Amino acid sequence: MRSNFTAMQRKALEILLNKYENSKTYKGENQVQQSFAVAPTALMPEYDSDFANVDKLRLFESELEELASQGLISIEKKGFVIRRIVLNTGAI
């Protein structure tokens, strides 16, 4: 597994891991299965803007695809648009 993540990849993993570590699942108190996800705008506020830089969008999506290919996250899309970025808790 790659350890030299980009700033955006580190931010994505940090946000998702913080959600996980602050959950009942992490504390062992959970009685239902949880998922830990963020919207792409939590990482790139201009993601859903009509005026977003196309090159930045491509780079953003490419960096998320790298994390997904490593099994750390999954990406939920509607058409070609990312709707949710989900932590793969099995990879922790």
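Refer to the structure presented above.
What counts as what
Residues numbered from 1 in each chain as written. Predicted model: local features only at pLDDT ≥ 70, side-chain atom pairs only at ≥ 80, totals over all residues. Heavy atoms only, no water. Pairing = 2+ DSSP bridges. Helix = DSSP H or I, 4+ residues; strand = E, 2+ residues; numbered from the N terminus. Contact = heavy atoms within 4.5 Å. Axes fitted to C-alpha atoms, helices over the stretch in contact; angles between N-to-C directions. Phe/Tyr/Trp six-rings, centres within 6.5 Å; stacked < 30°, edge-to-face > 60°. Buried < 20%, exposed > 50% of the residue type's maximum accessible area, 1.4 Å probe, protein only. Salt bridge = Lys/Arg side-chain N within 4 Å of Asp/Glu carboxyl O.

A.B. asks: Which parts of the structure should I look at to understand the pairing of strand β3 (residues 81–87)?
C.D. replies: Within a regular strand, the side chains alternate between the two sheet faces. Here two bridges tie strand β1 (residues 37–38) to β3, and the two strands are oriented antiparallel to one another. From the neighbouring strand, Val38 faces β3, where its bridge partner is Ile85. Relative to β3, strand β2 (residues 73–78) is paired through six bridges, and the arrangement is antiparallel. Among the inter-strand pairings, Ser74 is bridged to a residue of β3, identified as Val86. Between β2 and β3, which follow one another and run antiparallel, lie two residues, and Gly79 among them has a positive phi close to 70 degrees.

A.B. asks: Would you mind going over the sheet that holds β3 with me for this structure?
C.D. replies: Strand order in the open sheet made by the three strands is β1-β3-β2, with antiparallel pairing throughout. On the outer flanks of this sheet lie β1 and β2, each paired with one strand and no other. Strands in contact with helix α3 (residues 54–69) are β2 and β3; relative to β2, the strand with the most contacts, it is inclined by about 130 degrees.

A.B. asks: What is the right way to read the packing of aromatic side chains from this model?
C.D. replies: The geometry of an aromatic ring pair comes down to the distance between the two centres and the angle between the two planes. Considering all chains together, one arrives at two aromatic pairs under this definition. Considering the side-chain rings of Tyr20 and Phe36, the 5.4 Å spacing of their centres and the 85 degrees angle between planes classify their relative orientation as edge-to-face. Within this pair, whereas Tyr20 is found in helix α1 (residues 7–21), its partner Phe36 is found in the loop between α2 (24–27) and β1, the two being separated by 16 residues in sequence. As far as burial versus exposure is concerned, Tyr20 and Phe36 are alike and both buried. When the ring of Tyr47 is compared with that of Phe60, the centres are 5.5 Å apart and the planes differ by 50 degrees; the resulting orientation is tilted. Note that Tyr47 is positioned in the loop between β1 and α3 and Phe60 in helix α3, a separation of 13 residues in sequence.

A.B. asks: How should the pattern of salt bridges be read in this particular structure?
C.D. replies: Pairing is possible between side chains that carry opposite charge, provided their charged atoms lie close to one another. What the rule picks out here adds up to three salt bridges. A salt bridge links Glu65 to Lys77; the nearest nitrogen and oxygen atoms lie 3.5 Å apart. Of this pair, Glu65 sits in helix α3 while Lys77 sits in strand β2, and the two are 12 residues apart along the sequence. Take Glu65: its relative accessible area is 38%, and that puts it in the partly exposed class. The partly exposed category is assigned to Lys77, whose relative accessible area is 42%. As a salt-bridge pair, Arg84 and Glu76 come within 2.8 Å of each other at their nearest N and O atoms.

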